[in-house]
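Structure assessment
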Amino acid sequence: MRYLSANDIKTFFSMRNAIDADAEALSLYSSGRADIPLRTNINIPEYNGQSLYMPGYVSGADPSLGVKIVSVYPDNIDKKLPSVPATMITLDAQSGIVNAILDGTYLTQLRTGAVQGAATELLSNENSKTALLIGTGGQGMAQLEAMLTVRSLDKVFVSDLDMDRAKKFCETAALNFSKAFSTTFEPVANPNSVVPEVDIITSVTTSKRPTFDGTLVKQGVHVNGVGAYTPEMCEIPVELLKQADRIVFDTMDGVLSEAGDIIQPLKRGDITKQEISGELGQVINQNITGRSSEKDITFFKTVGTAALDVVVADRIVKKAEEMKIGMKL
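Residues numbered from 1 in each chain as written. Predicted model: local features only at pLDDT ≥ 70, side-chain atom pairs only at ≥ 80, totals over all residues. Heavy atoms only, no water.

In terms of regular secondary structure, the protein is built from 10 helices and 16 strands. Taken along the three principal axes of its C-alpha coordinates, the protein extends 55 × 45 × 40 Å. Burial statistics for the protein: of 329 residues in total, 52% are counted as buried. Partitioning the intrachain contacts of the protein with sequence separation of at least 6 by distance along the chain shows that 70% fall at a separation of at least 24. Here the protein has roughly 14,900 Å² of accessible surface; of this, 50% comes from carbon and sulfur atoms. Looking at charge distribution, the protein has the averaged site of its 32 positive side-chain charges lying 2 Å from that of its 40 negative ones. (Helix = DSSP H or I, 4+ residues; strand = E, 2+ residues; numbered from the N terminus. Buried < 20%, exposed > 50% of the residue type's maximum accessible area, 1.4 Å probe, protein only. Contact = heavy atoms within 4.5 Å. Areas by Shrake-Rupley, 256 points an atom, 1.4 Å probe, with all protein chains shown as cover. Lys, Arg positive; Asp, Glu negative; His and termini not counted. Charge placed at Lys NZ, Arg CZ, Asp CG, Glu CD.)

Structure below.
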């Protein structure tokens, strides 16, 4: 069995690798090759905690099997421990034997950034040059890296409720990516000041109200909704959905049961299920069309699925074994 830390994974598994693995996972998911049971939640009331178990199996030529364990213990902060520790366990699908333990927090950031990257690569215009990132939390940097990986962007605007946080994020982004990408990063106090000019918008917040004005977007824009993952959260404006020529999800079941961005406008009748194009895996499998013209407005919504975790983790483990990276137990 092998243990892989976040630093281990960063040395050999790139965002490009993760994007390809996510695309493979969604292709298999939409082909009916994934068995993803409902998440098991266990309350630990004595310690104000909750433990969540997300297993999954994805079949195919290179099958993947595993379970991600995420715990939510708010009081851990007082103990100087992580409040949301996460661990990924992978198993050899042929024998059922555990073969690796991975840093689950970094894996989640990587695969969530990568699924947006896969959508941006498939749905945005290839000549996109400007982007807007809304939200600079734990997911922000991976989301930025994914956009930079799939599109040659000249400038990325960064918006956050805290302008100082946006400025610091841009400074860190410049340090992280200046060698690999010739992109400039600019903090903006009001995202709507740049919405009319950008080619790509990625919102990654837990906001319960829209993070930008959907009436301001230009023709040809591609928008990613990444942050909202409960029926109460709603970061995407309904005006954007009404204009969209393509509305694509990572998983139909997941988004329709969890994402307030879609659940709320459907309940109000602002949009109908007939206006939903389908899943990104169906675009990859060429069962449905993605963007059909440069003027199309496209929208992608993700809430995540264990299929992404198990496939990306499996590909990480196999590459680590080839390169003999990580701690062998």
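Structure shown, so let's carry the discussion forward.
Below, the discussion takes up the side chain of T108. Structurally, T108 can be placed in helix α3 (residues 104–123). A polar contact is formed between the side chain of T108 and the side chain of K68, at a distance of 2.7 Å. (Polar contact = N/O pair within 3.5 Å; in protein donor to acceptor, adjacent residues only side chain to side chain.)

Let us now look at the sheet that holds strand β13 (residues 246–249). As summarised here, the arrangement of the eight strands in space is β10-β9-β8-β11-β12-β15-β13-β14, forming an open sheet in which the pairing is parallel. The open sheet terminates on both sides in strands that have one partner only, identified here as β10 (184–188) and β14 (278–279). Where strand β9 (residues 155–159) lies against β10, five bridges are found, and the strand directions are parallel. Across the sheet, K155 pairs through a bridge with T184, a residue of β10. (Pairing = 2+ DSSP bridges.)

Counting residues in hydrophobic clusters, the biggest one holds 42 residues, and the most contacted among them are L4, I9, F13, L102, L110, L280 and I316. Within the residue set of this core, elements represented by two or more residues are α1 (6–12), α2 (15–30), β7 (98–103), α3, α4 (140–150), α9 (280–284) and α10 (306–323). Considering every element that reaches this core, the biggest residue donor is α10, with nine residues. Apart from the residues lying within four places of it in its own chain, the contact partners of I316 are L4, I9, F12, F13, L102, L107 and L110. In terms of nonpolar packing, the next biggest core, distinct from the first, is built from 26 residues, I201, A259, I262 and I297 among them. (Core = buried A, V, L, I, M, F, W, Y, C linked by side-chain atoms within 4.5 Å.)

Before going further, it helps to spend a moment on the pattern of salt bridges. On inspection of all chains with the given rule, the structure shows 14 salt bridges. One salt bridge in this structure joins K318 and D314, with 2.7 Å as the shortest N-O distance. Of this pair, K318 and D314 both sit in helix α10, four residues apart, roughly one helical turn. Shared partners join several salt bridges into a network, and the residues in it are E24, D62, D314, R315 and K318. (Salt bridge = Lys/Arg side-chain N within 4 Å of Asp/Glu carboxyl O.)

The tally for this structure, following the rule as stated, stands at two aromatic pairs. For the pair F177 and F181, a centre-to-centre distance of 6.1 Å together with 65° between the ring planes defines the contact as edge-to-face. (Phe/Tyr/Trp six-rings, centres within 6.5 Å; stacked < 30°, edge-to-face > 60°.)

With that settled, the discussion passes to the packing of α3 against α10. Each pair of packed helices gets described by two things: the angle between the helix axes and the distance between those axes. For the pair α3 and α10, interaxial distance at closest approach is 10 Å and the crossing angle is 110°. Here α10 runs roughly perpendicular to α3, going by the angle between their axes. Across the interface between the two elements, L107, T108, L110, R111 and V115 from α3 touch L308, D309, V312, A313 and I316 from α10. Looking at the contact of α3 with α10, its residues break down into seven nonpolar, one polar and two charged. (Axes fitted to C-alpha atoms, helices over the stretch in contact; angles between N-to-C directions. Parallel < 35°, antiparallel > 145°, perpendicular 65-115°, else oblique. Nonpolar A, V, L, I, M, F, W, Y, C, P; charged D, E, K, R; others polar.)

The next thing to look at is the packing of α2 against α4. Their axes nearest at 10 Å, the elements α2 and α4 cross at an angle of 85°. The orientation of α2 with respect to α4, classified from their angle, is roughly perpendicular. Every residue of α4 that contacts α2 at M15, R16 and I19 is listed here: A142, E145, A146, T149 and V150.

The backbone of K80 sits at a positive phi, close to 60°, despite the residue not being glycine. Judged by relative accessible area, K80 falls into the exposed class, the value being 79%. Unusually for a residue other than glycine, K324 sits at a positive phi of about 55°. If you trace the backbone, K324 turns up in the loop between α10 and β16 (327–328). K324 gets classed as exposed once you look at its relative accessible area, which sits at 69%.

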